[in-house]
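What follows is each chain in one-letter form.
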Amino acid sequence: MKIAVLPGDGIGTEIVAEAVKVLNVLDLKLETETALVGGAAFDALGHPLPDSTLKLAQEADAILFGAVGDWKYDTLDRPLRPEQAILGLRKNLGLFANFRPAICYEQLVGASSLKPELISGLDILIIRELTGDIYFGQPRGRRVATDGHFPGAEEAFDTMRYSKPEIERIAHVAFQAARKRKSSGSEGRVTSVDKANVLETFQFWKDVVSEVGKEYPDIALDHMYVDNAAMQLVKEPKRFDVVVTGNMFGDILSDEASMLTGSIGMLPSASLNAKNQGLYEPSHGSAPDIAGQGVANPLATILSAAMMLRFSLNQAAAADRIEAAVKAVLAQGLRTPDIYSAGTTRVGTSQMGDAVVKALA
Ligand code: IPM
Ligand code: MG
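### Notes on the site of ligand 1
In the neighbourhood of ligand 1, the contacting residues comprise Glu83, Ile86, Arg90, Arg100, Arg128, Tyr135 and Asp251. Considering ligand 1 on its own, with 320 Å² of exposed area, one finds that the protein chains cover 76% of that surface. Broken down by element, the shell around ligand 1 gets its largest block of residues, three residues, from helix H4 (residues 83-93). Per-domain counts for the shell around ligand 1 show at least three residues from each of domain 1 (1-95 + 275-361) and domain 2 (97-272).

So this is what it looks like as structure tokens:
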């Protein structure tokens, strides 16, 4: 099993190192190969997603990704910015289905900004469509050339667009995920989030999801406008089971949902294509403000490695072991600064990784 390891920028290198440490003690036949991506690749090779990195990713069974981006690249032409690396990987590999679970660990209930009773036991899954929508429409503006020249500063736009097959396939992913969760005790509900009251794209989204829903009579389907969904997520988060939405709304709502659990530093994600090849990354970004200090929380990346073992490498038992080890270190009271609270033990990035390794043994 071949894993492409793409640490990227900022805290990416620090947190990916800990996840690789954990994978290495599992005694699985894993082959890892590391490559540059994002700003690091731009600096060294002149492009955020060099051909060699893309090829490595395409040929791997799975990709373990850190994070990309830094303010110092903000003035680059858009195609050269670090974010284009992750967008390019998603598009080139067809990684249309993004799973962003938001699970509240009991020991971290106090780390959330919401009242404990609102989030205790929270276990929701956001499924974000990842290769369509306004992210991959037609852009025009100061940093994207059209017809070979950069337009003036008078206006800028991006087009929002979804095709029927794109909506159908992500809807199937959501209903199937809800069905699977139902078999282990969840409610069996899909909430499709749209903006059908204003946007034609999302009226279409709503209609297509409803149509697909007829094939899943065992799963409840409701529709919610995105502004209301943003409100409901902080008002009554446990009303949700599986949330399915487009690329843009999913980007925003998944950050919001992650904070319900105490820290975005805890949340893994998986992005899958039709062949179950996947890219696994923490839900958070490169956090340049804390990069290089050894304080970033590696648990989201370690948990992403667990998702990788389960979804792409058929190693569910090893994934269970990692997740149990993470729970064990939390029970020991170890906390990186983002999840620290009085009475617990503050640790750094590599100490946290070492503790997970120890708990595995
Ligand atoms: C995410 C990130 C990316 C996105 C950025 C880095 C392009 O915010 O994975 O949520 O917007 O999809
Ligand atoms: Mg985001």
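### Quick look at helix H12 (residues 349-360)
With twelve residues, H12 should reach 16 Å at 1.5 Å per residue; the first-to-last C-alpha distance of 17 Å fits that figure. Each element contacted by the buried residues of H12 is listed here: helix H1 (12-24), helix H10 (299-311), helix H11 (316-331) and strand E13 (334-335).

### Description of H10
Compared with an ideal rise of 1.5 Å per residue, which puts 13 residues at 18 Å, H10 spans 18 Å between its outermost C-alpha atoms and is within 8% of the ideal. Of all the 13 residues making up H10, eleven are buried; the element is thus mostly covered by neighbouring parts of the structure. Buried within H10 are the following residues: Leu299, Ala300, Thr301, Ile302, Leu303, Ser304, Ala305, Ala306, Met307, Met308 and Leu309.

### Quick word on the domain arrangement of the protein chain
Frequently, the measure chosen for interface size is the accessible area removed from exposure when the parts meet. Each domain of the protein chain was delimited in the assignment, giving domain 1 (1-95 + 275-361) and domain 2 (97-272). Computed over C-alpha atoms, the centres of domain 1 and domain 2 are 22 Å apart. Opposite the 34 residues of domain 1 that make contact, domain 2 presents 27 residues. Approximately 2,700 Å² of surface area, both sides summed, lies buried where domain 1 meets domain 2, with 62% of it carried by carbon and sulfur atoms. Of all residues in domain 1, the largest losses of buried area upon contact with domain 2 belong to Arg90, Leu95 and Ser283, amounting jointly to 22% of the total for that side. Joining domain 1 to domain 2, the criterion identifies zero salt bridges. Applying the counting criterion to the domain 1 and domain 2 interface returns nine residue pairs in polar contact (both at pLDDT 80 or more). Mapped by element, the contributors of at least two residues to the side of domain 1 that touches domain 2 are H4, strand E12 (278-282), H10 and H11. The leading source of residues in the side of domain 1 that touches domain 2 is H10, at six residues. Broken down by class, the residue content of the side of domain 1 that touches domain 2 amounts to 15 nonpolar, ten polar and nine charged.

### Observations concerning the sheet that holds strand E4 (residues 97-103)
The mixed open sheet is built from ten strands, whose spatial order is E2-E1-E3-E12-E11-E4-E5-E10-E8-E9. Two strands lie at the open edges of the sheet, namely strand E2 (31-34) and strand E9 (220-225), each paired on one side alone. Put simply, the sheet's adjacent strands are angled 20° from each other on average, direction ignored. Across three bridges, E4 lies against strand E11 (residues 268-272) in antiparallel orientation. Bridge pairing in E11 places asparagine 98 opposite serine 271. Its contacts with the sheet place H1 against strand E1 (2-8), strand E3 (62-67) and E12, and it is angled at close to 145° to E3. Against the sheet, helix H8 (residues 226-235) makes contact with strand E5 (123-129), strand E8 (189-194) and E9, and its axis sits at roughly 105° relative to E9, the strand it touches most.

Thresholds applied
Residues numbered from 1 in each chain as written. Chains lettered and ligands numbered in written order. Predicted model: local features only at pLDDT ≥ 70, side-chain atom pairs only at ≥ 80, totals over all residues. Heavy atoms only, no water. Near = heavy atom within 4 Å. Areas by Shrake-Rupley, 256 points an atom, 1.4 Å probe, with all protein chains shown as cover. Helix = DSSP H or I, 4+ residues; strand = E, 2+ residues; numbered from the N terminus. Domains from an automatic or database assignment. Expected span 1.5 Å × (residues − 1). Contact = heavy atoms within 4.5 Å. Buried < 20%, exposed > 50% of the residue type's maximum accessible area, 1.4 Å probe, protein only. Buried area = accessible area lost by both parts, 1.4 Å probe. Salt bridge = Lys/Arg side-chain N within 4 Å of Asp/Glu carboxyl O. Polar contact = N/O pair within 3.5 Å; in protein donor to acceptor, adjacent residues only side chain to side chain. Nonpolar A, V, L, I, M, F, W, Y, C, P; charged D, E, K, R; others polar. Pairing = 2+ DSSP bridges. Axes fitted to C-alpha atoms, helices over the stretch in contact; angles between N-to-C directions.

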